[in-house]
Amino acid sequence: MKPTARDTEESKRRFNRRTLLLGGAMGATVAVLGARMRHLQVDQAEEFRLLAEENRINIRLIPPDRGLIQDRNGKVIAGNEQNYRVVISREAAGDVELVMRRLASVIPMTAEEMRRAIDDVTAMSDFVPVTVAERLSWDDFSRVAVNAPVLPGVVPEVGQSRRYPLDTDFAHVVGYVGPVSAQDLEGIDTPDPLLRIPKVQIGKIGVEKWLEDILRGRAGTKRIEVNSAGRVMRELERQDGERGTDIRLTLDADIQNFAQARLGTESAAAVILDVTTGDILCMASSPSFDPNLFVRGISHDDYTLLTESDHRPLADKPVSGAYPPGSTFKMVTALAALNAGVVTPDTKVRCPGYIEFGNRRFNCWKRQGHGTVELNRALSESCDVFFYDIAQKVGIDAIADMGRRFGLGQRFDLPVSAITSGTMPDKAWKLERQKADWRIGDTINASIGQGYVLTSPLQLAVMTARIASGKAVVPRLVRMIDGRETPVAEALPLGIPGEFLDAVRFGMHEVVNSQKGTATASQIVDPAMVMAGKTGTSQVRNISAAERASGVIANEDLPWNRRDHALFVAYAPFDKPRYAVSVVVEHGGGGSTVAAPIARDILLRAMSGGLPPLEAYPASQRGRIASMLKELPLRDPVTGKSPVRTET
């Protein structure tokens with residue numbers, strides 16, 4: 001059938017539509033390509049010109065500023081300072097050894113430092129910048145910048161470094177930071193990429209370690225443009241990270257400094273708690289060390305001095321030291337017996353200077369004995385025989401249970417290193433640990449804080465705070481995080497009748513304030529600051545029967561490491577307790593002569609808010625105390641500089 005004119009016309013229309021559609025699509029494609037070509041050739045011409053000259057775009061991490069650590073009043077005890085440093089990346093440097101030799105001719109570098117830097121750079125990925133020199137002077141830093149054209153891959157930077165302005169005062173509590181080690185990374189499932197950059201520092205001990213995650217912050221990034229020689233041309237983009245969170249501790253820098261100064265060169269520890277909140281105001285360990293040495297890279301000689309000292313300056317004695325509490329434990333034995341109903345405050349025991357059990361004699365510290373004593377006098381004069389007697393009546397399990405009520409044998413959850421739980425033994429403990437039955441002799445030894453009983457200075461301070469308050473005070477070290485107050489744990493009643501606590505408290509009062517009390521020389525005469533306490537002297541050696549018969553060798557005649565530990569615990573004011581203190585002086589001798597005076601001074605410092613007032617001391621002691629206070633190497637409370645001679 002022959003197509004009609006109408007059919008022919010319709011075919012032409014369809015062809016024209018297809019032609020137009022195809023032409024439109026081709027036109028649109030050409031327009032898009034043209035626009036893209038214009039964008040590449042005109043809008044991005046500068047960027048591609050640089051790339052054509054072998055420029056590269058690198059992405060680098062920006063370490064965030066570490067959060068500050070402050071004392072309870074906002075004084076900085078761990079801060080940051082500017083650090084002029086040099087970084088190098090292997091990708092941009094090319095021949096790392098050649099570049100490092102050139103760098104060593106510009107700034108002072110030993111052969112060992114240069115070799116270590118080369119090893120660090122070659123151990124990392126090509127593009128990772130590695131710090132090869134830091135804490136440069138401004139002159140050295142400037143020389144690196146001027147010589148940048150002949151130092152491919154080398155970039156001078158201004159970063160942040162940790163600084164501890166109060167150095168030795170908070171070394172054990174706050175700790176220090178150091179380079180990330182393989183051991184550090186082993187304990188982290190998904191390490192922050194920032195931690196894999198050499199020379200990045202993280203907390204190693206103390207608060208710096210245990211609160212690392214919130215102190216570190218989050219890294220930022222920057223895109224930089226470098227040329228074929230590795231020289232940074234410009235910064236294209238920066239995304240700032242998040243600064244670390246500030247931490248405010250419960251510690252008081254001025255009280256801490258006073259305690260450190262007062263402990264002097266002794267191997268010792270001191271802890272002060274606020275009885276009402278559990279806040280730790282002071283946790284001093286002596287001797288101390290300068291944590292700044294570890295941040296900068298401690299020398300072999302300095303480290304050897306610290307590790308080989310018999311006074312153990314690296315040990316955090318308030319929380320890690322475990323000592324026989326000696327007679328400071330007698331309040332626990334007394335409360336266990338009172339609470340069990342086997343004795344009353346008026347129960348009398350005769351002390352001839354010893355008791356005999358089986359074929360063994362257990363001696364009182366007073367060789368001729370105390371005669372007939374009741375609880376008050378037994379505490380004030382520290383009669384051992386009284387506690388030997390009542391301990392046998394109540395038994396070790398009741399004593400251990402009471403000790404645990406007062407915080408002994410417990411590990412408190414604080415952000416510091418190496419916290420000991422001590423030892424609060426009972427029958428089950430000995431059977432499990434030593435596969436042996438508990439003996440009466442073990443109970444007798446434990447009754448006066450000897451034998452298997454071990455406590456830390458922190459635990460002794462908690463024990464004292466609980467005696468003073470009658471509540472289960474919980475120690476707190478972190479006061480604020482990012483400006484927000486951390487909760488104070490509710491101190492629940494201990495469940496011990498008030499008359500029993502009052503009986504023990506009055507005995508502690510008489511320790512310090514009665515004529516025959518073992519610490520009467522350390523009393524506070526200001527009625528508003530009267531102190532109650534308990535002395536303790538714990539043996540670190542066995543005294544044979546032959547030595548007792550001929551006369552026990554005086555502590556001062558023994559080698560230092562064989563002398564008794566000196567202990568003292570106290571709280572004040574007596575009528576309205578606010579502060580509890582414990583002091584332990586390793587191998588110090590007698591608690592009454594060595595530990596008690598230190599504890600009194602620290603308590604007075606806390607109560608008075610300044611130097612201990614001379615009016616609080618007995619008149620006969622004021623001249624000596626004035627001289628002692630004047631010689632203490634205290635920091636200036638405003639500038640923090642040390643030492644400053646104090647005027648009284």
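Residues numbered from 1 in each chain as written. Predicted model: local features only at pLDDT ≥ 70, side-chain atom pairs only at ≥ 80, totals over all residues. Heavy atoms only, no water.

**A closer look at the environment of I107**
Part 1: Structurally, I107 is set in the loop between α4 (96-106) and α5 (111-123).
Part 2: Residue classification places I107 among the buried residues on the basis of a relative accessible area of 2%.
Part 3: In the structure, I107 is positioned 36 residues away from R143 in sequence and 7.6 Å away in space, judged by C-alpha atoms. (Helix = DSSP H or I, 4+ residues; strand = E, 2+ residues; numbered from the N terminus. Buried < 20%, exposed > 50% of the residue type's maximum accessible area, 1.4 Å probe, protein only.)

**Describing the nonpolar core**
Within soluble globular proteins, side chains that are nonpolar tend to cluster in buried spots.
Part 1: Within the largest apolar cluster, 95 residues are counted, with the highest numbers of intra-cluster contacts made by L249 and L477.
Part 2: Of all the elements, helix α21 (residues 457-469) adds the most residues to this core, at 8 residues.
Part 3: Not counting the four nearest positions on each side in its chain, L249 is found in contact with I69, Q70, D71, R72, I77, V174, V207, L477, V478 and R479.
Part 4: Counting 41 residues, the second-largest nonpolar core is a separate cluster that includes I255, V581, I602 and A606. (Core = buried A, V, L, I, M, F, W, Y, C linked by side-chain atoms within 4.5 Å. Contact = heavy atoms within 4.5 Å.)

**With respect to the sheet that holds strand β19 (residues 532-538)**
Part 1: A sheet is described by the order of its strands in space; here 5 strands give the open sequence β12-β11-β21-β20-β19, paired in antiparallel fashion. What marks the edges here is a single partner per strand, and that holds for β12 (280-286) and β19. Going from strand to strand, the sheet's axes swing by 5° on average, the running direction of each strand aside.
Part 2: Across 6 bridges, the pairing between strand β11 (residues 268-274) and β12 is antiparallel. Residue pairing across strands places A270 opposite A284, the latter belonging to β12.
Part 3: Helix α11 (residues 253-263) contacts β11 and β12 of the sheet and is inclined by roughly 30° relative to β12.
Part 4: Contacting β11, β12, β20 (565-572) and β21 (579-585), α21 runs over the sheet at an angle of about 150° to β21. (Pairing = 2+ DSSP bridges. Axes fitted to C-alpha atoms, helices over the stretch in contact; angles between N-to-C directions.)

**Focus on the confidence of the model for the chain**
Part 1: On average, residues of the chain score 87 in pLDDT, and 88% of them reach the 70 mark or higher.
Part 2: Scored below 50 in pLDDT, residues 644-648 makes 15 contacts in the model with residues more than four places away or belonging to other chains. (pLDDT = per-residue confidence, 0-100.)

**Topic: the pairing of β20**
Part 1: With 8 of 8 residues buried, β20 is to be regarded as a mostly interior element.
Part 2: Of the two faces of β20, both are covered, the one formed by H565, L567, V569 and Y571 as well as the one formed by A566, F568, A570 and A572.
Part 3: Strand direction decides the pairing type here: β19 and β20, joined by 7 bridges, are antiparallel. Each bridged residue has a counterpart across the sheet, and for G533 the counterpart in β20 is A570.

**A few points about the pattern of salt bridges**
Note that side chains of opposite charge can pair when their charged atoms are close.
Part 1: Applying the stated criterion to the full structure yields 31 salt bridges.
Part 2: The residue R404 makes a salt bridge to D426 at a minimum N-O spacing of 3.4 Å. Residue R404 is found in helix α18 (residues 396-405), and its partner D426 is found in the loop between α18 and α19 (427-434); the two are separated by 22 residues along the sequence. (Salt bridge = Lys/Arg side-chain N within 4 Å of Asp/Glu carboxyl O.)

**A word on the packing of aromatic side chains**
Part 1: Within this structure, the stated rule accounts for 12 aromatic pairs.
Part 2: Consider the rings of Y84 and F141, whose centres lie 4.9 Å apart with planes at 45°: the pair is tilted. On the criterion of sequence distance, the pair formed by Y84 in strand β3 (residues 76-88) and F141 in helix α6 (residues 138-146) is long-range, its members being 57 residues apart.
Part 3: Among the residues examined, Y84 registers a relative accessible area of 22% and is labelled partly exposed.
Part 4: Centroid distance W138 to F141: 5.7 Å. Interplanar angle 35°. Geometry classified as tilted. With W138 and F141 both in helix α6, this residue pair falls 3 residues apart, about one helical turn.
Part 5: Classification of W138 by relative accessible area gives exposed; the value is 51%.
Part 6: Among the residues examined, F141 registers a relative accessible area of 9% and is labelled buried.
Part 7: Following the ring pairs from residue to residue traces out a cluster consisting of Y176, F289, F294 and Y303. (Phe/Tyr/Trp six-rings, centres within 6.5 Å; stacked < 30°, edge-to-face > 60°.)

**Quick look at the packing of helix α15 (residues 330-340) against α18**
Part 1: It is at 8 Å that the axes of α15 and α18 come closest, and there the two elements cross at 115°. Our pair here, α15 against α18, has a crossing hand that is right-handed. Between α15, through V332, T333, L335, A336 and N339, and α18, the contact on the second element is made entirely by A398, I399, M402, G403 and R405.
Part 2: Here the residues of the contact of α15 with α18 are counted per class, giving 6 nonpolar, 3 polar and 1 charged. (Left-handed = near helix turned anticlockwise from the far one by under 90°. Nonpolar A, V, L, I, M, F, W, Y, C, P; charged D, E, K, R; others polar.)

**Quick notes on the side chain of R476**
Part 1: When you line up the elements, R476 lands in the loop between α21 and β17 (478-481).
Part 2: If sequence neighbours within four positions are ignored, R476 has contacts with T250, G278, D279, I280, L414, E485, T486, P487 and V488.

**Quick look at α4**
Part 1: The complete set of buried residues in α4 reads V96, V99, M100, L103 and V106. Angular distribution of buried residues about the axis of α4 spans 110°; they occupy a single face of the element.
Part 2: Taken together, the buried residues of α4 touch β3, α3 (90-93), α5, β4 (130-133), α6 and β5 (154-163).
Part 3: Where α4 begins, the capping side chain belongs to D95, and its oxygen is found 3.4 Å from the backbone nitrogen of E97. (Arc of directions from axis to C-beta. Polar contact = N/O pair within 3.5 Å; in protein donor to acceptor, adjacent residues only side chain to side chain.)

**Focus: the side chain of S417**
Part 1: For S417, the location among the structural elements is in the loop between α18 and α19.
Part 2: Judged by its relative accessible area of 16%, S417 falls in the buried class.
Part 3: Side-chain polar atoms of S417 contact the side chain of W210, separated by 3.1 Å.
Part 4: S417 has contacts with I205, G206, W210, D316 and V319, leaving out every residue within four places of it along the chain.

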